Amino acid sequence: MASTAVMAVLLAGSPLVLAQTSFPSSTGVVASQTSSSAAAFVTNIQLSLDDYWDLYIGPVANASINTTVTPTPIPSSSLIPPPSLYYPSFPSGQQVPLQSQNESWKFPKDFWYGVAGASYQIEGAVKAEGRGPSIWDRLTRVPNYVVTNDTGDVANNNYYLYKEDVARIAALGIKTYSFSLSWSRIFPFGSGAVNEAALAHYDDVIDTCLEYGVTPMVTLYHWDLPLFLQNAYGGWLSDKIVPDFVAYANLAFTRWHSKVHYWFTVNEPIVFCTNYPLPEHYFTKTDIPSIQQKYYCGHNVLLAHSEAYHVGKSINASLSISLKHNGGYKIPRTNSSADAAAVQRAWDFQEGWFSDPVFLTGDYPSSLKSYVSTFLPAFTDAQKEKINGSADIYAHDAYTSDFIMAPDSGIEACTKNESHSLFPSCYNTTKLYANNYWALGPASDPGSPWLNKATDWVPAFLHYMQDTWKPRGGVAITEFGISEPYEELRKDLASILIDPIRSSYYVDYLKAILIALSEGVDVVGTLAWSIYDNLEWSQGYGVKFGIQYVNLTTQERYFKASAFEYVNMFQVYQEK
Ligand code: BGC
C-alpha cells in the first residue's frame, strides 16, 4: 500500500508545479515565470499524497461500505425475464405468437458479448488505499462543470462491491466484463512509485471474473488522467506523457497478460482530447492556443498508444490490443456534391483522425493533415511505422449516427476562415432529415443531445468500418447503449425497471449486427454501455445508461428489462 511517506520521497527533488504555472507548448518542460499571469511560480516544496489531495481536491465523501463485500447469491426472483415488452419482426427470446426466428441470422459461437464500465464512473473509494487524484476528481470540484455538481467520490462503490457486480452479470449469463484501470490508483502521481494495494485490488477483480467464468477486458485509460501529470506538464498536451503512459502500460501488461487477453489502450481519444482546453484557473496554464490543444493531445495519444501496443506485444504476442474509436455513421443530408465532401471531412476529422494512422498509413488523413501540419511536428518515418498496424481489432463505441452537410457558407469559405464557427473541420451535423421535421430516430434523454436511436444505419456503418480500415481481427462494438429519456424522473422501482427505448435499441441494434454478419462483415463482439447507471461525466448521475438500476443510497442493484432483452438476443441467435 502507498504511504504518504512514499509520496514525499517521490516528490523530493522534482519541482511540484502549482496551478497557476505555465508550461511551453511543445516540450512540456516545466518552467517558471513564462506566463503573463502574475501568479505563476514553481516551488520545491514537498507534499505527501494527503497534502496533494487537500490542496487540489479538499474533502471527499466516503461510502458506508468500505471493505470488500462477499457476494450474496443472486435471488432467482430477480432473474425472471420481464413480460414481453417489445415486438420486433423476429422474436427477442420471448414467445411471440405468429413470429418465428430468422434462420439465416447467427452470432458465431465465438462472438463475445458483455457489459462495460469505467473506473472513475463506477469505482468510488477515490482516496482509499493510496489512490492519487485524477483530473476528474478536480473537474468535479469546478462549480457546475458537472451540471448536478455530483462527484465520483462514492459512485457505485464498485471498488468494494466488484464481487457482487461480477456475480450479477454472470447470473444473467453475460460472459464478458470490460472495465478500466484507474491510472492514479496504480501510480498515485502518474509515474514513479507504484501503489501495491491497487495492484492487489485489480488482481482480485480479474481473478473474480475468471472464477465466475467471465472474460475480463481491460482499458488502460478511460479519461481519468493522474492530476499530477496534468499539472506537471499539461498531461496529453505534452509528449512527456508518452514514456509515462508506456511505463504504466508496461506494468499492467506484465502483471496481467497471462489472465487478460483483450486490452484497450485508450478510450475515445476524440472525446478526451476535445475536452481540452480544461477550465481556466483549475489546472496549469498552457501557451498552446485553445483551438490547437486537442490536436496536440491526439498526436501524443497516437505516439503513446502505438508505443504501448508494441510493448504489450513484446510481452505477449498473442494479446489482442487496440484502442477504442468513436464518432458515428455519417449520412449525407442530401445527394449534393457539397454534402458528399462534407461527409468525407467528417470522417477525416472524427474516426479518420485516429483510424487512418492506426489502420492505413501511420499518418493523418490529408484534409486533417493540411491543418495540423501548420503547428504539429510531422510524424517521423519510424513513428509512422510504429503507429501503422498498432491495433488488432477495430474497436468502435458506435452509439449513433448523424446527418452531415456542408456549412451554409460552403466548405471553402470555412476552410479559409479561421474564425468560422466550424473551422477547421468545416462540416455541419443535424439529427433531422432534410425535411427539417423528423429526427432520424427516437431521442435519448435530453442530457445526451448527441444521441438518438439510429439503428437503421448500423449495417451500413459496419460495412464502412470493415471496408475502410480493413482490420485483421474484425470489428467490435465496444460500447453501445442509450440513456432512457427522463428515466431520472421515475421514482418507483417498477417504473424504472421497464426501459422500452433502451430495450428496443438493443434488440434492433443486435438485429442490425446479425444482418451485417449475414452479409459478410466480420463483427466479433459487443459490449453494452453500461453495466449499470453510473456517473455520466458532466451530466452527473441523472442521465442513465445502465442495464441495471442502482439505488445510490443503499447501493442495491436491479436488472432492468433491457438486460434481459440484450441477453435474449444471444440466447436465440448464437450458435451453440
Ligand atoms: C464513454 C462513456 C460514457 C458513454 C455515454 C462513451 O462515449 O466512453 O464513458 O458514459 O459514452 O455518454
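Look above for the structure.
Residues numbered from 1 in each chain as written. Predicted model: local features only at pLDDT ≥ 70, side-chain atom pairs only at ≥ 80, totals over all residues. Heavy atoms only, no water.

Engineer: Hey, could you run me through the overall build of the chain in this one?
Structural biologist: Secondary structure assignment for the chain yields 20 helices and 17 strands. Among the 576 residues that make up the chain, the fraction classed as buried is 61%. Partitioning the intrachain contacts of the chain with sequence separation of at least 6 by distance along the chain shows that 79% fall at a separation of at least 24. Only carbon and sulfur atoms are counted for the fraction: they give 54% of the accessible area of the chain, which is about 21,200 Å². (Helix = DSSP H or I, 4+ residues; strand = E, 2+ residues; numbered from the N terminus. Buried < 20%, exposed > 50% of the residue type's maximum accessible area, 1.4 Å probe, protein only. Contact = heavy atoms within 4.5 Å. Areas by Shrake-Rupley, 256 points an atom, 1.4 Å probe, with all protein chains shown as cover.)

Engineer: Help me out: how do you make sense of the sheet that holds strand S6 (residues 215-221) in this one?
Structural biologist: The strands making up a sheet associate through hydrogen bonds between their backbones, and the pairing can be parallel or antiparallel. Taken in spatial order, the 8 strands of this closed barrel run S4-S5-S6-S7-S9-S11-S14-S15, and their pairing is parallel. With direction set aside, neighbouring strand axes in the sheet form an average angle of 25°. Taken together, the 3 bridges between strand S4 (residues 112-116) and strand S5 (residues 176-180) define a ladder with parallel strand orientation. By the bridge assignment for S5, Val115 is matched with Tyr177. (Pairing = 2+ DSSP bridges. Axes fitted to C-alpha atoms, helices over the stretch in contact; angles between N-to-C directions.)

Engineer: For this particular structure, what's the right way to read the layout of surface pockets?
Structural biologist: Gaps between atoms show up when a probe of the same size as a water molecule is rolled over them. Looking at the largest pocket, its volume works out to about 1,200 Å³. If you go around the largest pocket, you meet 48 residues; those closest to its centre are Glu268, Ile270, Val271, Asn326 and Trp450. Mapped onto the lining of the largest pocket, the elements with two or more residues apiece are helix H10 (269-274), helix H11 (290-315), helix H12 (337-349) and strand S12 (401-405). Its residues assigned to classes, the lining of the largest pocket comprises 24 nonpolar, 16 polar and 8 charged. Space inside the second largest pocket adds up to approximately 280 Å³. In terms of lining, the second largest pocket is formed by 17 residues, of which the most central are Leu278, Glu280, Lys285, Thr286 and Gln293. (1 Å grid on protein atoms, 1.4 Å probe; cavity = no way out; pocket = protein on both sides within 12 Å on 5 of 7 lines; lining within 4 Å. Points joined across faces, edges and corners; volume = space filled by probe spheres on them. Nonpolar A, V, L, I, M, F, W, Y, C, P; charged D, E, K, R; others polar.)

Engineer: Can you help me understand the pairing of S4 in this one?
Structural biologist: For S4, the buried fraction is high: 5 of the 5 residues fall into the buried class. Here S4 shows no split at all, with Trp112, Gly114 and Ala116 on one side and Tyr113 and Val115 on the other all buried.

Engineer: Would you mind going over the site of the ligand with me for this structure?
Structural biologist: The ligand sits among Gln121, His222, Trp223, Asn267, Glu268, Tyr399, Trp450, Glu479, Trp529, Glu536, Trp537 and Phe545. In this structure, an oxygen atom belonging to the ligand sits 2.5 Å away from a side-chain N or O atom of Glu268. The side chain of Glu479 places a nitrogen or oxygen atom 2.9 Å from an oxygen atom of the ligand. Its free accessible area being 310 Å², the ligand has 94% of it covered by the protein chains. Using a 2 Å cut-off from the grid points, one finds that the ligand occupies the largest pocket. Looking at side-chain class alone, the shell around the ligand contains 6 nonpolar, 3 polar and 3 charged residues. (Near = heavy atom within 4 Å. Polar contact = N/O pair within 3.5 Å; in protein donor to acceptor, adjacent residues only side chain to side chain. Sits in = over half its atoms within 2 Å of the grid points.)

Engineer: Quick question: what am I supposed to make of empty space enclosed by the protein here?
Structural biologist: Within this structure, the stated rule accounts for 6 cavities of 30 Å³ or more. Size it by volume and the largest cavity reaches roughly 60 Å³. Lining the largest cavity are Ala118, Ser119, Ile122, Glu123, Asn158, Tyr177, Phe179, Ser180, His201, Tyr202 and Val205. Mapped onto the lining of the largest cavity, the elements with two or more residues apiece are helix H3 (119-122), S5 and helix H7 (196-211). Taken together, the residues of the lining of the largest cavity break down into 6 nonpolar, 4 polar and 1 charged.

Engineer: Is there a simple way to explain the side chain of Lys163 in this structure?
Structural biologist: Mapping Lys163 onto the fold places it in helix H5 (residues 158-172). You can call Lys163 buried: its relative accessible area is 19%. Here Lys163 is in contact with Thr68, Val69, Pro71, Asp204 and Thr208, once residues within four sequence places are set aside.

Engineer: In this structure, what is going on with the nonpolar core? I would like to understand it.
Structural biologist: What tends to happen in soluble globular proteins is that the nonpolar side chains get buried as a cluster. In terms of nonpolar packing, the biggest core is built from 173 residues, with Trp236 and Ile513 touching the most fellow members. If sequence neighbours within four positions are ignored, Ile513 has contacts with Phe107, Phe111, Val458, Leu462, Ile477, Val523 and Thr526. (Core = buried A, V, L, I, M, F, W, Y, C linked by side-chain atoms within 4.5 Å.)

Engineer: Looking at this structure, how should I read the environment of Asp150?
Structural biologist: Among the secondary structure elements, Asp150 is positioned in the loop between helix H4 (135-139) and H5. When the C-alpha positions of Asp150 and Glu536 are compared, they lie 9.6 Å apart, and in sequence the two are 386 residues distant. In this structure, Asp150 is in contact with Thr140, Leu535, Gly540 and Tyr541, ignoring residues within four places of it in sequence. Of note is the side chain of Asp150, whose polar atom sits 2.7 Å from the side chain of Thr148.

Engineer: Looking at this model, I keep getting lost on the pairing of strand S11 (residues 394-397). Mind explaining?
Structural biologist: On a regular strand, one side chain projects to one face of the sheet and the next to the other, so that they alternate. Here S11 shows two buried faces, one formed by Tyr394 and His396 and the other by Ala395 and Asp397. Pairing geometry for S11 and strand S14 (residues 475-480), over 3 bridges, is parallel. Across the sheet, the residue bridging to His396 is Ile477, located in S14.

Engineer: Just to check I follow, could you spell out the pattern of salt bridges for this structure?
Structural biologist: For side chains of opposite charge, pairing can occur when their charged atoms come near one another. Per the counting criterion, the structure on display carries 25 salt bridges. In this structure, Arg502 engages Glu487 in a salt bridge whose closest nitrogen and oxygen atoms are separated by 3.0 Å. With Arg502 in helix H19 (residues 500-518) and Glu487 in the loop between S14 and helix H18 (493-497), the pair connects residues that are 15 residues apart, well separated along the chain. Glu487 carries the same exposure label as Arg502, and that label is buried. Where Lys511 meets Asp508, a salt bridge forms, and the shortest distance between an N and an O atom there is 3.6 Å. (Salt bridge = Lys/Arg side-chain N within 4 Å of Asp/Glu carboxyl O.)

Engineer: Would you explain the packing of aromatic side chains in this entry?
Structural biologist: The way to describe two aromatic rings as a pair is by their centre distance and the angle between their planes. In total, this model carries 63 aromatic pairs according to the counting rule given. Aromatic pair Trp223 and Trp537: ring centres 4.7 Å apart, planes at 35°, arrangement tilted. With a gap of 314 residues between them, Trp223 in the loop between S6 and helix H8 (227-233) and Trp537 in the loop between strand S15 (523-529) and strand S16 (548-551) connect regions that are remote in the sequence. Taken together, Phe107, Phe111, Tyr113, Phe480, Tyr505, Tyr506, Tyr509, Tyr566 and Phe570 form an aromatic cluster joined through their ring pairs. The ring of Trp347 carries Lys330 above its face, with NZ or CZ at 4.7 Å from the centroid. (Phe/Tyr/Trp six-rings, centres within 6.5 Å; stacked < 30°, edge-to-face > 60°. Lys NZ or Arg CZ within 6 Å of the ring centre and 35° of its normal.)

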